[in-house]
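Understanding the architecture of this molecule
Okay, here's what each chain looks like letter by letter:
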Amino acid sequence: MSITEAQIKPEINIKDVRKYFPIFEMPENRDLIYFDNAATSQRPLQVIKTWDKFNREYNANTHRGAYRIAEKATQEYEKARDKVAGFIGAGLSNEIVFVRGATEAINFVAYGWALKHVQAGDEILLSELEHHSNLVPWQMVAQKTGAKLKFIEFDESGQLKMEQYFQLLSAKTRLVAITQMSNVLGSITDVKSIINSALQVNARVLVDGAQTAPHMPVNVSNMDADFYVFSGHKMLGPMGTGVLYAKRERFEEMDPVFFGGSMISDVDYNSSTWNDIPWKFEAGTQNIPGVIGLGAAVDFLQQIGPDSVRAHDQALTDYALEQMQLIGQLKIFGPLTNRGPVISFSLADIHPHDLATFLDSHNIAIRAGHHCAKLIMKRLHVPATARTSFYLYNNKQEIDQFVITLDKAKDYFSKWI
Amino acid sequence: MSITEAQIKPEINIKDVRKYFPIFEMPENRDLIYFDNAATSQRPLQVIKTWDKFNREYNANTHRGAYRIAEKATQEYEKARDKVAGFIGAGLSNEIVFVRGATEAINFVAYGWALKHVQAGDEILLSELEHHSNLVPWQMVAQKTGAKLKFIEFDESGQLKMEQYFQLLSAKTRLVAITQMSNVLGSITDVKSIINSALQVNARVLVDGAQTAPHMPVNVSNMDADFYVFSGHKMLGPMGTGVLYAKRERFEEMDPVFFGGSMISDVDYNSSTWNDIPWKFEAGTQNIPGVIGLGAAVDFLQQIGPDSVRAHDQALTDYALEQMQLIGQLKIFGPLTNRGPVISFSLADIHPHDLATFLDSHNIAIRAGHHCAKLIMKRLHVPATARTSFYLYNNKQEIDQFVITLDKAKDYFSKWI
Amino acid sequence: MDIDELYQEIILDHYKHPRNRGTLENADVKITGKNPFCGDEIILSLKLKDNIVTDVAFEGSGCAISQASASVMTEQIKGKTLSEARELFQEFSKMVKGEINYDPEKMDELAAFKGVCEYPTRVKCALLSWNALKNALEQKKE
Amino acid sequence: MDIDELYQEIILDHYKHPRNRGTLENADVKITGKNPFCGDEIILSLKLKDNIVTDVAFEGSGCAISQASASVMTEQIKGKTLSEARELFQEFSKMVKGEINYDPEKMDELAAFKGVCEYPTRVKCALLSWNALKNALEQKKE
Ligand SMILES: Cc1ncc(COP(=O)(O)O)c(C=O)c1O
Ligand SMILES: Cc1ncc(COP(=O)(O)O)c(C=O)c1O
């Protein structure tokens, strides 16, 4: 446990956490059941206020201005880096680079690290569980370098076939890029043993933590990941924020991706040298209040405790799975245990879009579609699924309401399909 | 003039615009003279409220959710695109791609367009006035493609040597990347004739509008720029926002830079196809409330009128130049006419940092340093300059105060240097 | 929001009993329409003679709105001239996008999709087959 | 904020009359320190014998804080052992960063830089020469 984690005592009780989220207080949203948390979370007052305060009190560009508000902006920005490092158990704050989201983080690794270190004949191992953001960048790398993509399948329950992974892993494997939790099936992958085995063939591992950083305790040092990426906006932070963690050695062997202001040490007509890590990877003006707001989101999660968040999510998920299975013709895609709070399902022959619209008309927000994971859709032989996903402000009453409304939807469409 | 521009009548009077900026109302900031506008602007209440409203009322991810708040988020996001298109006179909204800032916009063109269309032996024309963000990405392109960078110098007054540009321009010129206003010297470049001449040798032109979009009327269609880039945060919009405009044909011949969610049309194991322009260039979750806030900033500027902003800035700049020149041993770097509201200077032998700190202790925020424009520093043979820059909420009294304080600084340091 | 405004009986009937479902042999144009955000897909085949849509059929899978819209569309355009079909596309587009200046006279059974304008993400569903038609007609022109 | 707390007389005096300015011929270590954010630069030359700094000089350009700091530093470390110099670096760092647990006894003229801690961006200026020294000593170790 890092110092920051240890220092912050749980102070906010998860039982009444909903009151910190202003969106549920809007008259139009009083009855809103927000079950699209895997897409983005809502934000607590603390985060909204932090952004607001920056803009009303000390808005300035960082790292350059020799005046009071610029100094304050810089300090708060760098403090957020410390907080994030503590939150994921990174040893050093400069192993944290701020980006727009998980997508950008993965692309940074693809351009800055993989194009340099992956060669023709090398293999990149992915899984069929991957979000497009952890698949399409590697297609680009494969096309540019001549490396091959190999895919680990998932079994009927939606869990990764670990034996297959061990088989695919070889001296050719240069990189394993794997999600820690599927944003469609909710399956949790055992990244610890994935990384252990990868180490033995000297392969690097990128872990896509977009769905885990918000929902469970994460410790990149214990996990021993080379790269760990996630999005701020899925864990109560402002949109337009995300994190690329990399081990110091990985950042050292990585080229900057974007070039321009702040990332340089010296600039001449035809060549330049780079600033220190992590600033070398943060070209141009950053989303400064976004990052400081992400720091506030981390504080908020620490005050509740990642373990409490996980326990809460899990209780809700277990309850939802239990209740949903009582509905006839409802099919759950994905595992029933060892999973996170995101559930994909189908109901009778109702198309997911029709179901989502029906639920919306009853004030329940879920998602329908391929969820940026077409390989999963292909494997499941469906064009789309309906998906519900929970977070710390959700509760059982909402799930009851959701289940009742699913029943209604079945009735509504039943005479037609 | 685009429809949007014509529709919005000036409604906010520039004379009392300062009251819309909450930062100046904070007790600690009552006496703050903010003269670092070239680094970032302050934000009016309208922009702060727009961001806040998104997060309190309809926070959701765009383009995917079939529920009410997601639909509203999507509509507002796309409305901001229309507003920005109108603001810069783009013919089509899908010629607008949202990015983090000018730096990212230029890097997108470097990766997505230049690496594809620039070849060994080609030449890229830049000027010595460029910000690092419009220089270092082209060094990368030159290194990767074997193209050559050529530099247009500026004359003693800080204006581009146009004859030299015409001489450098040749059939080899593939791209001209040029700032429309120097962020150090304030010089305004005649991009219209630069583009006219470039057309004759079939070269493409990227215009760095980071300093002009905030400060003067811009019409990319009249200008006939291939690419036009700017930052939202320098024109009253939220940090973490910026714009890449490109002509439809340029976007069509440009590859996506980032890969992942939302930018795809179809995804298979080893290859993918892209979504339509502009979404093809917006991978992953965007800074949605930032972009919507940028739309509010555009509304605000339209309500004042870009012409009024320009007139106001110019009056202040003229006054400041006049007053500053009355101070002995004060040297202005840059032109006295045909310029924007950013003034670099030195005072006696006081180091710019010491000057900035002295001014800060008198509540005046200016910048000192190389301003991410080391080529200018080299040409001027100084390691750094002091820089003051104005915007619509500044006034003459502030300039008087500034000039008085410069005098004080001279006294203060005079016995020592 | 009353869900029945969206899912009118006509729509659900067409969803259950799609008309002109299938592919036409010897079609003059065959074109696929896709909605990348949701994965819905329509394959449209058209037979044309003397600028008239003599036959039309569709295949594919998707939600009630996209499938019913395709079904109704096939009925509405069969026998129409290409320019009439194009005009219909325009009027229908306006209606489902919530623009007021469309011609309700021309809508016939298409009027059942009026409620779609209240559901912006579903507009794409209603237009899926129509956009395919538009592309098909443009292809034909060349 | 009282500006005089920062620009103490000692500082401005060293700025005007820098001590040990120049380069040493036959220096054992020569190292450049740069502040990329502002362009300030210090070139430090050191002569070492039996783990003692026997001579030291600096060149470069920059603000009053960075130049005076370099000047005071050269006076303070001359004649000190490498480990004493390293310790001084640590105590001085703590002081200018505003940490409370530094040893004021050791500061001597360096105490003039105490006010720097109120100006975070200027901390880098005060530390420019010291960081160069630290790098020089590390180089020497290898
Ligand atoms: C597993 C996973 N990876 C990556 C992403 C991409 O995140 P973002 O859109 O914030 O870049 C997401 C979210 O959509 C996700 O769920
Ligand atoms: C002329 C110019 N170009 C580019 C930039 C880079 O803008 P940003 O830091 O918002 O990416 C700036 C601002 O610093 C600028 O002044």
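Everything numeric in this text was worked out from a predicted model, so none of it was measured.

Thresholds applied
Residues numbered from 1 in each chain as written. Chains lettered and ligands numbered in written order. Predicted model: local features only at pLDDT ≥ 70, side-chain atom pairs only at ≥ 80, totals over all residues. Heavy atoms only, no water. Helix = DSSP H or I, 4+ residues; strand = E, 2+ residues; numbered from the N terminus. Buried < 20%, exposed > 50% of the residue type's maximum accessible area, 1.4 Å probe, protein only. Contact = heavy atoms within 4.5 Å. Areas by Shrake-Rupley, 256 points an atom, 1.4 Å probe, with all protein chains shown as cover. Lys, Arg positive; Asp, Glu negative; His and termini not counted. Charge placed at Lys NZ, Arg CZ, Asp CG, Glu CD. Rg over C-alpha atoms; globule rule 2.2 N^0.38 Å. Near = heavy atom within 4 Å. Polar contact = N/O pair within 3.5 Å; in protein donor to acceptor, adjacent residues only side chain to side chain. 1 Å grid on protein atoms, 1.4 Å probe; cavity = no way out; pocket = protein on both sides within 12 Å on 5 of 7 lines; lining within 4 Å. Sits in = over half its atoms within 2 Å of the grid points. Nonpolar A, V, L, I, M, F, W, Y, C, P; charged D, E, K, R; others polar. Core = buried A, V, L, I, M, F, W, Y, C linked by side-chain atoms within 4.5 Å. Domains from an automatic or database assignment. Buried area = accessible area lost by both parts, 1.4 Å probe. Salt bridge = Lys/Arg side-chain N within 4 Å of Asp/Glu carboxyl O. Arc of directions from axis to C-beta. Pairing = 2+ DSSP bridges. Axes fitted to C-alpha atoms, helices over the stretch in contact; angles between N-to-C directions. Least-squares fit on C-alpha atoms with pLDDT ≥ 70 in both. pLDDT = per-residue confidence, 0-100.

Some details on the overall build of chain C
Regarding its fold elements, chain C presents five helices and three strands. Taken from N to C terminus, the helices and strands of chain C fall in the order α-α-β-β-β-α-α-α. Dimensions of chain C, computed from C-alpha atoms along their principal axes, come out at roughly 45 × 30 × 25 Å. For chain C, buried positions account for 49% of its 142 residues. Sequence-distant contacts, at least 24 apart, represent 58% of the contacts inside chain C between residues at least 6 apart. Element-wise, carbon and sulfur atoms account for 42% of the exposed surface of chain C, whose accessible area totals about 6400 Å². Computing the positive centroid from 19 side-chain charges and the negative centroid from 24, chain C places the two 5 Å apart.

Concerning the overall build of chain A
Scanning chain A from N- to C-terminus turns up 14 helices and 15 strands. Over its C-alpha atoms chain A spans a radius of gyration of 22 Å, differing by no more than 12% from the 22 Å that the globule rule assigns to 417 residues. Seen through its principal axes, chain A has C-alpha atoms that stretch 75 × 55 × 40 Å. Across chain A, contacts joining residues at least 24 apart in sequence account for 71% of those joining residues at least 6 apart. Carbon together with sulfur atoms contributes 48% to the accessible area of chain A, which is approximately 12800 Å² in total. Taking the average location of the 42 positive side-chain charges in chain A and that of its 47 negative ones, the two points are 2 Å from each other.

Section: the site of ligand 1
Taken together, the neighbourhood of ligand 1 is formed by 15 residues, with Thr103, Asp208, Ser231, His233 and Lys234 of chain A sitting nearest. Among the chains of the assembly, those with residues near ligand 1 are chains A and B. Backbone polar atom of alanine 102 of chain A to an oxygen atom of ligand 1: 3.4 Å apart, as the coordinates give it. At 2.6 Å from an oxygen atom of ligand 1 is found a side-chain nitrogen or oxygen belonging to lysine 234 of chain A. Protein chains bury 98% of the 390 Å² of accessible surface belonging to ligand 1 in isolation. Comparing atom positions with the cavity grids shows ligand 1 to sit within the largest cavity. Classifying every residue of the shell around ligand 1 by side-chain character gives two nonpolar, eleven polar and two charged.

So, the site of ligand 2
Around ligand 2, the structure places 15 residues, and the nearest of them are Thr103, Asp208, Ser231, His233 and Lys234 of chain B. At the site occupied by ligand 2, nearby residues are drawn from chains A and B. Against a free-state accessible area of 400 Å², the protein chains account for coverage of 99% of ligand 2. In this structure the site holding ligand 2 corresponds to the second largest cavity. Taken together, the residues of the shell around ligand 2 break down into two nonpolar, eleven polar and two charged.

Here's the deal with the nonpolar core
Core analysis: the biggest nonpolar cluster contains 153 residues, and Leu392 of chain A together with Leu392 of chain B have the highest contact counts within it. In this structure, Ala105 and Leu244 of chain A together with Val99 and Leu149 of chain B belong to the second largest nonpolar core, which totals 87 residues.

Section: the domain arrangement of chain A
Residues and elements named next belong to chain A. Each assigned domain of chain A is listed with its residue range as follows: domain 1 (51-302) and domain 2 (305-413). If you average the C-alpha positions of domain 1 and of domain 2, the two centres end up 29 Å apart. The partner domain 2 presents 33 residues to the 31 residues of domain 1 that form the contact. When the two sides are added together, the surface that domain 1 and domain 2 hide from each other amounts to roughly 2500 Å², 61% of it contributed by carbon and sulfur. If you sort the residues of domain 1 by the area they bury against domain 2, Val184, Leu185 and His215 come out on top, with a joint share of 26%. Taken together, the connections running from domain 1 to domain 2 amount to two salt bridges. Between arginine 379 and glutamate 153 there is a salt bridge; the shortest N-O distance is 3.8 Å. The leading source of residues in the side of domain 1 that touches domain 2 is helix α10 (residues 288-304), at three residues.

Thoughts on the pattern of salt bridges
Pairs can form between side chains of opposite charge whenever their charged atoms are close. This model, assessed by the stated rule, comprises 62 salt bridges over all chains. Of the charged contacts in the structure, one is a salt bridge between lysine 116 of chain B and aspartate 255 of chain B, with a shortest N-O distance of 3.2 Å. With lysine 116 of chain B in helix α4 (residues 102-117) and aspartate 255 of chain B in the loop between α9 (248-252) and β9 (264-267), this pair connects stretches of sequence that are 139 residues apart. For arginine 250 of chain B, the salt bridge identified is with glutamate 253 of chain B, shortest N-O distance 2.9 Å. According to the relative accessible area criterion, glutamate 253 of chain B is partly exposed, its value standing at 22%. Within the structure, one salt-bridge network assembled from shared partners comprises Asp224, Asp226, Lys247, Arg250 and Glu253 of chain A.

Re the interface of chain C and chain A
On the side of chain A, 17 residues touch chain C, which itself brings 22 residues to the contact. Both faces combined, the contact of chain C with chain A buries some 1700 Å², and carbon together with sulfur accounts for 59% of it. Our enumeration of links across chain C and chain A arrives at one salt bridge. Among the salt bridges present, the one from arginine 122 of chain C reaches aspartate 354 of chain A, with a minimum N-O distance of 2.9 Å. Remark: the boundary between chain C and chain A carries eight residue pairs in polar contact (both at pLDDT 80 or more). A class-by-class count of the residues in the side of chain C that touches chain A yields 14 nonpolar, two polar and six charged.

A word on helix α7 (residues 191-200) of chain A
All names here are of chain A. By the burial criterion, the buried members of α7 are Val191, Ile194, Ile195, Ser197 and Ala198. The buried side chains of α7 occupy one side of the element, clustering within an arc of 165° when seen end-on. Directly after α7, the chain includes asparagine 202, whose backbone phi takes a positive value near 65°.

Considerations on the interface of chain B and chain A
Opposite the 91 residues of chain B that make contact, chain A presents 91 residues. Here chain B meets chain A over a buried area of about 7600 Å², counting both sides, of which 56% is carbon and sulfur. Counting every contact that joins chain B to chain A gives six salt bridges. Close ionic contact of lysine 374 of chain B with aspartate 266 of chain A constitutes a salt bridge, the shortest N to O distance being 2.9 Å.

Notes on the sheet that holds strand β3 (residues 52-61) of chain C
All names here are of chain C. Pairing is antiparallel in the open sheet, where three strands are placed in the order β1-β2-β3. In this open sheet, the two edge strands, each paired with only one partner strand, are β1 (29-34) and β3. Along the sheet, successive strands turn relative to each other by an average axial angle of 20°, direction set aside. The sheet contact formed by strand β2 (residues 41-49) and β3 spans nine bridges and is antiparallel.

A word on the pairing of strand β8 (residues 242-246) of chain B
Residue and element names in this part refer to chain B. With respect to burial, β8 is a largely interior element, five of its five residues being buried. Burial of the side chains of β8 extends over both faces: Gly242, Leu244 and Ala246 are buried on one face and Val243 and Tyr245 on the other. When strand β2 (residues 96-99) meets β8, the two strands line up antiparallel, connected through four bridges. Bridge pairing in β8 places valine 99 opposite glycine 242. Direction of pairing for strand β7 (residues 227-231) relative to β8: antiparallel, over a ladder of five bridges.

Describing the side chain of threonine 62 of chain B
Among the secondary structure elements, threonine 62 of chain B is positioned in the loop between α2 (45-57) and α3 (68-87). What threonine 62 of chain B contacts, discounting residues up to four positions off in sequence, is Ala73, Thr74, Tyr77 and Ile288 of chain B.

Side note on the relation of the copies chain B and chain A
Once chain B is rotated about the relating axis by 180° and shifted along it by 0.0 Å, it coincides with chain A to within an RMSD of 0.0 Å. Here the transformation between the copies is reduced to the relation of a two-fold axis. It is glycine 240 of chain B whose C-alpha, among those of chain B, lies nearest the rotation axis, at 3.5 Å.

Section: the pairing of strand β12 (residues 342-347) of chain B
In the case of a regular strand, side chains alternate between the two sheet surfaces. All names here are of chain B. A large share of β12 lies buried, amounting to five of its six residues. Judged from the four bridges that link them, strand β11 (residues 330-333) and β12 form a sheet pairing that is antiparallel. Its bridge partner lying in β12, leucine 330 is registered against leucine 347. In this structure, β12 lies alongside strand β15 (residues 385-389), joined through four bridges in antiparallel fashion. Note on β15: the bridge partner recorded for phenylalanine 345 is alanine 386.

With respect to the side chain of lysine 410 of chain A
All names here are of chain A. Here lysine 410 lies in helix α14 (residues 396-414). The side chain of lysine 410 sits in the buried core without any salt bridge; aspartate 407 is the nearest counter-charge, 4.6 Å away. Dropping the residues within four chain positions of it, lysine 410 is found in contact with Ile327, Gly328, Gln329, Leu347, Ala348 and Ile350.

Brief notes about the confidence of the model for chain A
Overall, the prediction assigns chain A a mean pLDDT of 95, with 97% of residues at 70 or greater. Note that residues 1-8 of chain A has pLDDT below 50 and, in this model, eleven contacts with residues that lie over four places away or in other chains.

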